[in-house]
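So the chains spell out like this:
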Amino acid sequence: MAGLQPGYRFKDAIPIQLGDLVFGQVDQEGVHWHCGTLEGWDSPDVRAQLTQREADHGAWAGPVYLNERVITLAGKAFAPDAPTLDRAIERLLVAASLTDTTLTVNESIPKQCVVRRSGKVLANRLTGTALDWSVLVTAADPRRYGTELRQQSTALPSTSGGLTPPLTPPVTVSATTVAGEIVATNEGSIAVRPLLTITGPVPAPRIFVAYPDGTVRTLVYSETLAAGERLVIDTDAHTVMLGGASRRRYLSGPWPDIPPRATVAIQYRADAYNSTTRLTATWRPAWM
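Since this is a predicted model, take the numbers as computed values, not measurements. (Residues numbered from 1 in each chain as written. Predicted model: local features only at pLDDT ≥ 70, side-chain atom pairs only at ≥ 80, totals over all residues. Heavy atoms only, no water.)

**Remarks on the sheet that holds strand β26 (residues 262-269)**
Alright, step 1. Ordered in space as β16-β26-β19-β20-β25, the five strands form an open sheet in which the pairing is antiparallel. Every other strand in the sheet has two partners, leaving β16 (181-186) and β25 (251-252) as the edge strands with one partner each.
Alright, step 2. Alignment of β16 against β26, held across six bridges, turns out to be antiparallel. Opposite Glu181, over in β26, you have Gln267 as the bridge partner. (Pairing = 2+ DSSP bridges. Helix = DSSP H or I, 4+ residues; strand = E, 2+ residues; numbered from the N terminus.)

Quick look at the structure:
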């Protein structure tokens, strides 16, 4: 235990962070946190329905969905003294929160999910300074998301600058073009659903999501946004919020996503041009 400074990472240990507590390293009070068990991070259970074929072999396969992700973390902790171990147990209880908490596993591509405590926290004292610990948490959303938040914005398409005829050669024409498009990539293994935010003023904004196979999904908002108003479209929760009030009834079209290992073009259009309106897309790549 002697000689290891706070923040020291143990050799071959993958740092795992639950809330503010990091396993696989020495914490600020000199407690050595070791995590030897990480169950459920590889894959959650699935829901599948099979309908037996009548007068034939086999069954008809229905859609397969991932269940919630149940994760067990377990290991040992070693403290410099008994009072420090007591405080370490309290930090473990706080880290395994009853509310949404981020669990991050720093593998070669760091990933995270949002979890809540779903079982008893076990803290078995081996000695006055040593501890066996175990935590059970559950991620309602089973996807494992990249830790890097992606965000891009665009204005409505426009072209500005250049020269107006009559012109005398030689002539150099310089113009600025805004494509009104966001390019969004998901390097993961499962589709991810972006958060789309439109800032007014803009009349009847439309969002087109173009996929690699040539298909397009279109979202149309039938109302006008005033200057400074922000319309938040959560394509995962299927909500449309404006200033805390639902505007779901004014939005039509299928909910878009970003498929795994794919890039989509998110295009912004409206009935009339305004230079200040913006569309912002926010997402993280996601893995099964």
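Structure shown, so let's carry the discussion forward.
**Here we look at unusual backbone geometry**
Alright, step 1. Going from Gly200 to Pro201, the amide bond is cis rather than trans, its omega being 10°.
Alright, step 2. Take Pro201: it is sitting in the loop between β17 (195-199) and β18 (202-203).
Alright, step 3. We note that Ala55 has phi near 55°; this positive angle belongs to a residue other than glycine.
Alright, step 4. Mapped onto the elements of the fold, Ala55 is located in the loop between β5 (46-52) and β6 (59-66).
Alright, step 5. Here Ala55 falls in the exposed class, since its relative accessible area comes to 84%. (Buried < 20%, exposed > 50% of the residue type's maximum accessible area, 1.4 Å probe, protein only.)

**What to know about the nonpolar core**
Alright, step 1. Of all hydrophobic cores here, the largest spans 30 residues; its most connected members are Leu196, Ile198, Ile207, Leu231, Ile233, Ile266 and Leu279.
Alright, step 2. With 27 residues, the next largest nonpolar core counts Leu73, Ile89, Val115 and Val137 among its residues. (Core = buried A, V, L, I, M, F, W, Y, C linked by side-chain atoms within 4.5 Å.)

**A look at the pairing of strand β19 (residues 206-210)**
Alright, step 1. Across the two faces of β19 the burial differs, with Ile207 and Val209 buried and Arg206, Phe208 and Ala210 not buried at all.
Alright, step 2. Here β19 folds back onto strand β20 (residues 216-221) in antiparallel fashion, the turn holding five residues, of which Gly214 has a positive phi close to 95°.
Alright, step 3. Strand direction decides the pairing type here: β19 and β26, joined by five bridges, are antiparallel. Looking at β26, one finds that Val209 is bridged to Ile266.

**Digging into the sheet that holds β17**
Alright, step 1. A sheet is described by the order of its strands in space; here six strands give the open sequence β13-β27-β17-β22-β23-β24, paired in antiparallel fashion. Strand pairing shows two members of the sheet lacking a second neighbour, β13 (150-154) and β24 (245-246), which therefore form its edges.
Alright, step 2. Across two bridges, strand β23 (residues 239-242) lies against β24 in antiparallel orientation. By the bridge assignment, Leu242 is partnered in β24 with Ala245.

**Focus: helix α1 (residues 82-95)**
Alright, step 1. Taking 1.5 Å per residue as the helical rise, α1 with its 14 residues ought to reach 20 Å, and the 20 Å between its terminal C-alpha atoms agrees with that figure.
Alright, step 2. Among the residues of α1, Thr84, Leu85, Ala88, Ile89, Arg91, Leu92 and Ala95 are the ones counted as buried. Buried residues of α1, viewed axially, fall in a sector of 160°; they line one side.
Alright, step 3. On the buried face of α1, the contacting elements are β1 (16-18), β2 (21-23), β4 (32-39), β8 (101-105), β10 (122-125) and β11 (130-139). (Expected span 1.5 Å × (residues − 1). Arc of directions from axis to C-beta. Contact = heavy atoms within 4.5 Å.)

Nothing here speaks to function; it is geometry throughout.
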